Amino acid sequence: MTLLWLFLAFHVAGGFRAPVQQGVYQLTSGLEMQTLSSTPANVEGPRVVFVHGSNHGAWCWAEHWFGFFAERQHASVALNLRGTSGAYPPQGYNGGKKKVPLADHMADLASAVTLSTQEAGEDGIVLVGHSFGAFLLMKFMETPTARSLVQAGAIKGLGLLCSVPPVGSSPQVRRMLLSKPVLAFQVTWGLAAKKVLESVSLCRRCFMDDAMPDELVEKYMEQLRKDSDYGLDLKEINANLPIQTASDDNGVASWIASETNRDGLPSDAILVLGASEDVLVDPVGVQATADFCAVKPVLLDGVHHDVMLDTGMWEVAAGVVAEWAQRIKLRQTSRQ
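Residues numbered from 1 in each chain as written. Predicted model: local features only at pLDDT ≥ 70, side-chain atom pairs only at ≥ 80, totals over all residues. Heavy atoms only, no water.

A. Region of interest: the overall build of the chain. Of regular secondary structure, the chain possesses 13 helices and ten strands. Since a compact globule built from 336 residues should have a radius of gyration of about 20 Å, the 19 Å found for the chain is in line with a globular shape. Seen along its three principal axes, the alpha-carbon backbone of the chain occupies a region of about 55 × 50 × 45 Å. The burial tally for the chain puts 55% of its 336 residues in the buried class. Across the chain, every contact between residues at least 6 apart in sequence was considered, and the portion connecting residues at least 24 apart equals 72%. With an accessible surface of roughly 14,400 Å², the chain has 53% of that area assigned to carbon and sulfur atoms. Of the charged side chains in the chain, 27 are positive and 35 negative, and the gap between their average positions amounts to 3 Å. (Helix = DSSP H or I, 4+ residues; strand = E, 2+ residues; numbered from the N terminus. Rg over C-alpha atoms; globule rule 2.2 N^0.38 Å. Buried < 20%, exposed > 50% of the residue type's maximum accessible area, 1.4 Å probe, protein only. Contact = heavy atoms within 4.5 Å. Areas by Shrake-Rupley, 256 points an atom, 1.4 Å probe, with all protein chains shown as cover. Lys, Arg positive; Asp, Glu negative; His and termini not counted. Charge placed at Lys NZ, Arg CZ, Asp CG, Glu CD.)

B. The packing of helix α7 (residues 170–179) against helix α8 (residues 181–192), seen in detail. Where α7 meets α8, the axes come as close as 5 Å, and the angle between the chain directions of the two elements is 135°. If you check the angle between α7 and α8, you find them oblique. For the pair α7 and α8, the contacting residues are V173, M176, L177, L178 and S179 in the first and P181, L183, A184, V187 and T188 in the second. The residue inventory of the contact of α7 with α8, partitioned by class, reads eight nonpolar, two polar and no charged. (Axes fitted to C-alpha atoms, helices over the stretch in contact; angles between N-to-C directions. Parallel < 35°, antiparallel > 145°, perpendicular 65-115°, else oblique. Nonpolar A, V, L, I, M, F, W, Y, C, P; charged D, E, K, R; others polar.)

C. Looking closely at unusual backbone geometry. Residue C162 is not a glycine yet carries a positive backbone phi of 45°. Exposure remark for C162: the relative accessible area of 0% places this residue in the buried category.

D. Expanded view of the sheet that holds strand β7 (residues 125–130). Taken together, eight strands build an open sheet; the order of strands is β3-β4-β6-β5-β7-β8-β9-β10 and the sheet is mixed. The open sheet terminates on both sides in strands that have one partner only, identified here as β3 (21–26) and β10 (298–300). Put simply, the sheet's adjacent strands are angled 25° from each other on average, direction ignored. Across six bridges, the pairing between β3 and strand β4 (residues 32–38) is antiparallel. Bridging from a neighbouring strand, Q26 pairs with E32 of β4. On the sheet, helix α4 (residues 102–120) packs against β3, β4, β5 (47–51), β6 (76–79), β7 and β8 (155–161) and is oriented at approximately 125° with respect to β3. (Pairing = 2+ DSSP bridges.)

E. Structural view of the nonpolar core. Core analysis: the largest hydrophobic core is formed by 105 residues, its most contacted members being W61, W65, L127, F140 and W255. Sorting elements by how many residues they give to this core places helix α13 (residues 314–335) first, with nine residues. Among all residues touching F140, those that are not within four sequence positions of it are M106, L109, A110, V113, L127, T145, A146 and I155. (Core = buried A, V, L, I, M, F, W, Y, C linked by side-chain atoms within 4.5 Å.)

F. Here's a closer look at the pairing of β8. Extensive coverage of β8 is indicated by the burial of seven of its seven residues. Alignment of β7 against β8, held across six bridges, turns out to be parallel. Bridge assignment links V128 to a residue of β8, and that residue is G159. Across four bridges, β8 lies against strand β9 (residues 270–275) in parallel orientation. When the sheet's bridge partners are listed, G159 is paired in β9 with L271.

What follows is the structure, encoded as structure tokens:
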């Protein structure tokens with residue numbers, strides 16, 4: 001067990017001790033996906049299934065949020081996407097290319113989410129994704145597996161935090177180039193060349209907040225490096241944007257409940273959250289995701305991209321997500 005896992009095994013978050021368990025999901029592909037989970041003594045409401053973004057792993061949710069949700073009687077599990085240290089592909093995978101095809105992410109999510117719903121039982125689950133993880137969840141909701149789980153009442157809700165918009169990242173980059181060209185160069189170069197894994201200041205600029213001590217940024221960077229060996233196939237992603245499967249001229253997701261889709265996920269079960277200080281996803285991008293989901297977004301003032309790690313503000317973001325999960329629990333109870 002590494003020092004990181006020892007640290008996570010009995011971490012104090014939000015004033016509440018949250019024992020963190022390591023687990024493994026044996027996926028249908030044969031890949032082993034390591035998970036982190038936390039289950040309070042008394043569970044009430046849906047289990048929260050967390051999906052991280054690029055360069056991150058399950059660890060980012062366990063750092064603070066597991067304890068916060070456990071204190072509110074929510075069980076949590078955080079997945080590791082394929083290509084990270086917690087779901088590392090076998091030798092020779094994808095012909096040696098250090099990219100994970102979108103189809104593999106979809107297959108992994110189908111398998112992992114199904115296992116999560118089985119563990120949760122009648123309480124069901126809510127899916128919460130961050131950044132690229134939220135983008136993947138929007139794509140996952142298009143799949144037969146997701147539609148079936150929604151129809152069965154196993155997936156109760158969907159939370160999209162600082163999500164890569166359904167229209168992709170290109171519009172965001174163009175806006176930044178026009179308004180903040182220096183920042184646009186720093187961010188695009190930092191991510192594409194993985195300089196965010198080498199420079200404390202650049203890592204902080206892209207993900208963290210100014211108040212975070214250098215030593216803590218460096219600690220997170222060490223883990224980020226372990227989870228960044230594989231990258232995104234941007235060409236494939238741009239060819240398969242969620243907006244391309246919108247159900248009507250209004251650009252609303254096809255998997256949202258409507259008069260013609262009674263079995264879809266109700267829009268009031270969806271949370272779209274953004275952060276005012278996020279340099280990777282601006283308010284326009286947050287609104288694009290909200291429009292796609294037919295909801296009003298929540299924009300947190302003074303919060304940065306990594307809402308689950310933000311110094312002094314992670315609890316604000318967690319509170320919004322927890323209140324949303326609570327509303328889903330109350331709605332679930334009222335229907336029983």
